[in-house]
Amino acid sequence: MQESDAAALKSLIQQQPVAALATLHKGEPAVSMVPYALMPNGKLVIHVSRLASHTQDMQTTPAVALLITALLESAQTPLALPRISIQGTALPCLDNSPDYATARSVYLARFAEAEELFNFTDFSLIIIVPTSVRHVAGFGRARSLSPERFSAALTTI
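The structure displayed is predicted, hence computed values, not measured ones.

Visitor: Please provide a residue-by-residue account of the pairing of strand E8 (residues 141-145), values included.
Guide: Pairing geometry for strand E7 (residues 123-138) and E8, over five bridges, is antiparallel. For Gly-138, the partnering residue across the bridge sits in E8 and is Arg-141. Here E7 hands over to E8 after two residues, with Gly-140 in that stretch at a positive phi of 75 degrees.

Visitor: Which residues make up unusual backbone geometry, and what are the values?
Guide: Despite not being glycine, Lys-26 shows a phi value in the positive range, around 55 degrees. Assignment of secondary structure puts Lys-26 in the loop between strand E1 (18-25) and strand E2 (28-35).

Visitor: Lay out the pattern of salt bridges in plain terms, naming residues and giving numbers.
Guide: Two side chains bearing opposite charge may form a pair once their charged atoms approach each other closely. Summed over the entire model, instances satisfying the criterion amount to one salt bridge. A salt bridge links Lys-43 to Asp-99, with the shortest nitrogen-to-oxygen separation between them at 3.9 Å. With a gap of 56 residues between them, Lys-43 in the loop between strand E3 (37-38) and strand E4 (44-49) and Asp-99 in the loop between strand E6 (83-93) and helix H3 (100-110) connect regions that are remote in the sequence. Residue classification places Lys-43 among the partly exposed positions, given a relative accessible area of 22%. Given a relative accessible area of 26%, Asp-99 falls into the partly exposed group.

Visitor: Account for the packing of helix H1 (residues 3-15) against helix H4 (residues 147-155), with residues named and values stated.
Guide: In the contact formed by H1 and H4, the axes pass within 8 Å of each other and the chain directions differ by 85 degrees. The angle between H1 and H4 falls in the class roughly perpendicular. Of the residues in H4, those in contact with Ala-6, Leu-9, Lys-10 and Ile-13 of H1 are Phe-150, Ala-153 and Leu-154. Here the residues of the contact of H1 with H4 are counted per class, giving six nonpolar, no polar and one charged.

Visitor: Outline the packing of aromatic side chains, listing residues and values.
Guide: Per the stated rule, a full pass over the model turns up three aromatic pairs. A ring pair is formed by Tyr-107 and Phe-118, whose centres lie 6.4 Å apart and whose planes are at 65 degrees; its orientation type is edge-to-face. Taken as a pair, Tyr-107 in helix H3 and Phe-118 in the loop between H3 and E7 lie far apart in primary sequence, 11 residues in all. When sorted by exposure, Tyr-107 lands in the same class as Phe-118, which is buried. Each ring, one from Phe-120 and one from Phe-123, has its centre 6.3 Å from the other, and the planes form 80 degrees; the classification is edge-to-face. Take Phe-123: its relative accessible area is 22%, and that puts it in the partly exposed class. Each member of the aromatic cluster is reached from another via a ring pair, and the members are Tyr-107, Phe-111 and Phe-118. A cation over an aromatic ring shows up here: Arg-110 above the ring of Tyr-36, its NZ or CZ 4.9 Å from the ring centre.

Criteria and cut-off values
- Residues numbered from 1 in each chain as written.
- Predicted model: local features only at pLDDT ≥ 70, side-chain atom pairs only at ≥ 80, totals over all residues.
- Heavy atoms only, no water.
- Pairing = 2+ DSSP bridges.
- Helix = DSSP H or I, 4+ residues; strand = E, 2+ residues; numbered from the N terminus.
- Salt bridge = Lys/Arg side-chain N within 4 Å of Asp/Glu carboxyl O.
- Buried < 20%, exposed > 50% of the residue type's maximum accessible area, 1.4 Å probe, protein only.
- Axes fitted to C-alpha atoms, helices over the stretch in contact; angles between N-to-C directions.
- Parallel < 35°, antiparallel > 145°, perpendicular 65-115°, else oblique.
- Contact = heavy atoms within 4.5 Å.
- Nonpolar A, V, L, I, M, F, W, Y, C, P; charged D, E, K, R; others polar.
- Phe/Tyr/Trp six-rings, centres within 6.5 Å; stacked < 30°, edge-to-face > 60°.
- Lys NZ or Arg CZ within 6 Å of the ring centre and 35° of its normal.

Okay, here's the thing in C-alpha cells:
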C-alpha cells in the first residue's frame with residue numbers, strides 16, 4: 001500500500017467517530033450506528049448496552065461488519081466517497097481481559113463524555129477483530145486488505 005493511501009485510510013478512521021454496524025438480527029441483516037475507537041493493534045472497540053438489539057445480535061452471532069464513510073462533501077459524487085468496510089468478529093472485553101485497560105483507555109480518549117456509562121452495569125466493551133478490510137480511497141481506487149496489512153497501514157504513518 002502506498003504511503004498516501006495508508007495515510008488516507010488512517011485519517012478517515014481517526015476523523016470519523018461513528019460507524020454503521022451490521023449484525024444478524026433473528027437471521028436477517030440489521031444495521032445500527034455505533035461510536036468506535038481504534039486500538040493500537042488495528043482492532044476497534046465499541047461500548048454498547050446489553051439492552052440494544054445489536055449487542056444481543058453480537059452475542060448470538062459474533063460475525064459483524066462496520067462501514068466508515070467520509071463526509072459527503074469530501075467527494076464530487078457519492079460513488080467517489082472514501083470509505084472503509086471492515087468484516088470482523090465481535091468479542092466481549094470483560095474487566096479481567098488483558099485488552100480491557102487499553103480498550104477502555106482508547107475509547108475514553110475519544111469519547112470522554114462516555115465515562116459515566118462505564119458505571120452502568122448494562123454497558124460493556126466489545127472488541128471488533130478485523131477478518132477482512134475493503135478500503136475505497138475514491139472512485140476506481142479500491143483495495144482489499146488482510147488484517148495484518150490493515151494494522152500495518154495504521155501503524156506505519
